[in-house]
Amino acid sequence: MRIFRVFGAVLLTAGAVTSVHGQAPVAPSPVARTDFIQVMDTEFKQMDADKNGILTKKEIEDFQRSMSILVAQQRNVALFQALDKDKNGQLTPAEFSNLPMNMPQPNPAPVLAQTDTNRDGQITMIEYRTGKLASFDRMDADKDGIVSVAEMKAAGLIK
């Protein structure tokens with residue numbers, strides 16, 4: 001796995017895989033072993049923060065974190081540029097409204113499974129209350145009509 005990641009870095013660093021905004025990446029070109037070694041050595045030196053020739057777990061984590069931040073920043077710049085249709089360096093409300101939203105897809109199945117007792121694809125107030133109260137009653141271990149913080153923890157709702 002490590003070799004594959006470094007090889008991917010070689011391809012990207014050597015410019016073997018390029019992408020023009022909005023276009024598919026260009027097919028990779030061959031990579032010479034000497035280029036591969038040079039990129040590996042460069043990557044090692046970048047990770048070796050104290051320059052002692054040894055990588056520690058912290059140095060690797062710090063490097064990975066900084067690379068993740070760099071990639072996120074580059075993605076943000078590319079997204080901004082794509083949204084800034086008039087290329088004036090500012091986003092109008094109309095341009096900003098084109099920001100893609102990564103929202104989860106609605107999934108009514110769990111609610112229906114828990115509360116639609118007659119399985120007709122619809123939930124009445126009685127079915128809804130019955131299903132929800134059953135969950136409440138399961139969490140209320142001491143049956144005092146109150147779900148305490150300890151009972152919420154036991155049910156896995158909070159830590």
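Calculation criteria
Residues numbered from 1 in each chain as written. Predicted model: local features only at pLDDT ≥ 70, side-chain atom pairs only at ≥ 80, totals over all residues. Heavy atoms only, no water. Patch = residues over 30% accessible without salt bridge, like charges linked within 9 Å, V, L, I, M, F, W, Y side chains within 5 Å. Areas by Shrake-Rupley, 256 points an atom, 1.4 Å probe, with all protein chains shown as cover. Salt bridge = Lys/Arg side-chain N within 4 Å of Asp/Glu carboxyl O. Helix = DSSP H or I, 4+ residues; strand = E, 2+ residues; numbered from the N terminus. Buried < 20%, exposed > 50% of the residue type's maximum accessible area, 1.4 Å probe, protein only. pLDDT = per-residue confidence, 0-100. Contact = heavy atoms within 4.5 Å. Axes fitted to C-alpha atoms, helices over the stretch in contact; angles between N-to-C directions. Parallel < 35°, antiparallel > 145°, perpendicular 65-115°, else oblique. Nonpolar A, V, L, I, M, F, W, Y, C, P; charged D, E, K, R; others polar. Lys, Arg positive; Asp, Glu negative; His and termini not counted. Polar contact = N/O pair within 3.5 Å; in protein donor to acceptor, adjacent residues only side chain to side chain.

Observations concerning a nonpolar patch on the surface
1) Next: Residues Val111, Ile123 and Tyr128 make up a contiguous nonpolar surface patch of roughly 230 Å² in combined accessible area.
2) Next: With respect to the helices and strands, the residue isoleucine 123 is situated in the loop between helix H5 (109-115) and helix H6 (125-139).
3) Next: On the accessibility criterion, isoleucine 123 (32% relative accessible area) is partly exposed.

Regarding the confidence of the model for the chain
1) Next: Within the chain, residue pLDDT values average 83, and 83% of them lie at 70 or more.
2) Next: The lowest-confidence element of the chain is helix H1 (residues 2-13), averaging 42 in pLDDT; the highest-confidence one is helix H3 (residues 57-83), averaging 94.
3) Next: Below a pLDDT of 50 lies the segment residues 1-22, which in the model reaches 36 contacts outside its immediate sequence neighbourhood of four places, other chains included.

Section: the packing of helix H2 (residues 33-47) against H3
1) Next: Packing of H2 against H3 brings their axes to within 9 Å, and their N-to-C directions diverge by 105°. Of the possible angle classes, the one that applies to H2 and H3 is roughly perpendicular. Counted together, Glu43, Gln46 and Met47 of H2 and Glu59, Ile60 and Phe63 of H3 form the full contact between these two elements.
2) Next: Here the residues of the contact of H2 with H3 sort into three nonpolar, one polar and two charged.

Thoughts on the side chain of aspartate 48
1) Next: Considering the arrangement of structural elements, one finds aspartate 48 in the loop between H2 and H3.
2) Next: One buried charged residue, aspartate 48, forms no salt bridge at all, with the nearest opposite charge on lysine 51 at 6.1 Å.
3) Next: Engagement of the side chain of aspartate 48 in a polar contact is seen with the backbone nitrogen of asparagine 52, the distance being 3.2 Å.
4) Next: Leaving out residues up to four positions away in the same chain, aspartate 48 has contacts with Gly53, Ile54, Leu55 and Glu59.

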